[in-house]
Amino acid sequence: MKTVLITGANKSIGFETARQLLQQGYYVYLGCRDLQKGQQAVSQLQSEGLTQVEPIQINVDSLESIQAARQTLGQKTKVLDVLVNNAGVSGILPQPALETDINLIRQVFETNFFGVIAVTQAFIDMLKLSSEPRIVNVTSGLGSITLQNDPSWKYYQVKLAGYFPSKAALNAYTTVLAYDLRDTAFKINAVDPGYTATDFNHHSGPGTIPDAAARVVKAATFGPDGPTGQFFSDDNSPETGISAW
């Protein structure tokens, strides 16, 4: 049975990603900041007959929490097959370039960028023991620098001084990570779940959570011939699913 760790998985897209991977036979470690909320999410999944799941407390903003989670998971399994870096924040809106508090921008980067790096580095040894390791970095279509400079793009006017650069940086890190592991069995990709109705955006998005999670699951379950080092976004590019960087 393959194992997966999903950060920020006690609700919304992370939770649905856990559900769909459980339905495909994975053993899911459901990462959450609040262990009580994580247990409630696990109980919900178990009530649906999806029993191969347990919560793992992890705050991606805290190196101590990440290391504690690594130690806990290491006591449960030696091999991690999939890491889904799903935890993320938008920050307080709006975010104009000159007026946004620098501390808010730092906090957005702490979760969306540095948190992903810290979690990936902490669990990479377990992933390297997998025969088919997969890393999915959940990004945003707003992280495309190319499209952010295209006046014809439907989201051109959505300019967020913390969130957009944090996701662009995450995309760049994904590229470097995939390159460094290019001669291995790793498949490492950035996935935009799309503009989805969640708590993250006050349920303003037109997309559904199941559809969004399915995009993440697709990249998490790529076979040996699957792509690596790509930025997938059905929202940005409905024809091919591959977004401009």
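The chain is annotated in an unreviewed UniProt entry as SDR family oxidoreductase from Xanthocytophaga flava. Entered under Sequence similarities (unreviewed entry) in the UniProt record, the comment concerning the chain runs "Belongs to the short-chain dehydrogenases/reductases (SDR) family."

**Re the overall build of the chain**
Assigned secondary structure in the chain consists of 7 helices and 7 strands. Its helices and strands in sequence order give the chain the pattern β-α-β-α-β-α-β-α-β-α-α-β-α-β, from N to C terminus. In terms of overall dimensions, the chain is globule-like: its C-alpha atoms have a radius of gyration of 17 Å, near the 18 Å expected for 245 residues. In terms of principal-axis extent, the alpha carbons of the chain reach across some 50 × 40 × 30 Å. Across the 245 residues of the chain, 54% fall into the buried class. At a minimum sequence separation of 6, the contacts of the chain that also span at least 24 residues come to 69%. If you sum the accessible surface of the chain, you get close to 11400 Å²; carbon and sulfur atoms cover 53% of it.

**Overview of the sheet that holds strand β3 (residues 53–57)**
Within the open sheet, the 7 strands sit side by side as β3-β2-β1-β4-β5-β6-β7. Their pairing is parallel. Edge positions in the sheet fall to β3 and β7 (231–233), since each of these pairs with one other strand and no more. Each neighbouring strand pair of the sheet contributes to a mean axis angle of 20 degrees, computed without reference to strand direction. For strand β6 (residues 187–192) and β7, the ladder comprises 3 bridges, and the chain directions are parallel. For A190, the partnering residue across the bridge sits in β7 and is F231. Of the strands in this sheet, β5 (134–138), β6 and β7 are in contact with helix α6 (residues 163–180), which crosses β6 at around 160 degrees. Lying on the sheet, helix α7 (residues 209–220) is in contact with β4 (82–85), β5 and β6; it crosses β5 at an angle near 150 degrees.

Quick notes on the rules
- Residues numbered from 1 in each chain as written.
- Predicted model: local features only at pLDDT ≥ 70, side-chain atom pairs only at ≥ 80, totals over all residues.
- Heavy atoms only, no water.
- UniProt positions renumbered as here; feature names shortened; annotations may be inferred.
- Helix = DSSP H or I, 4+ residues; strand = E, 2+ residues; numbered from the N terminus.
- Rg over C-alpha atoms; globule rule 2.2 N^0.38 Å.
- Buried < 20%, exposed > 50% of the residue type's maximum accessible area, 1.4 Å probe, protein only.
- Contact = heavy atoms within 4.5 Å.
- Areas by Shrake-Rupley, 256 points an atom, 1.4 Å probe, with all protein chains shown as cover.
- Pairing = 2+ DSSP bridges.
- Axes fitted to C-alpha atoms, helices over the stretch in contact; angles between N-to-C directions.

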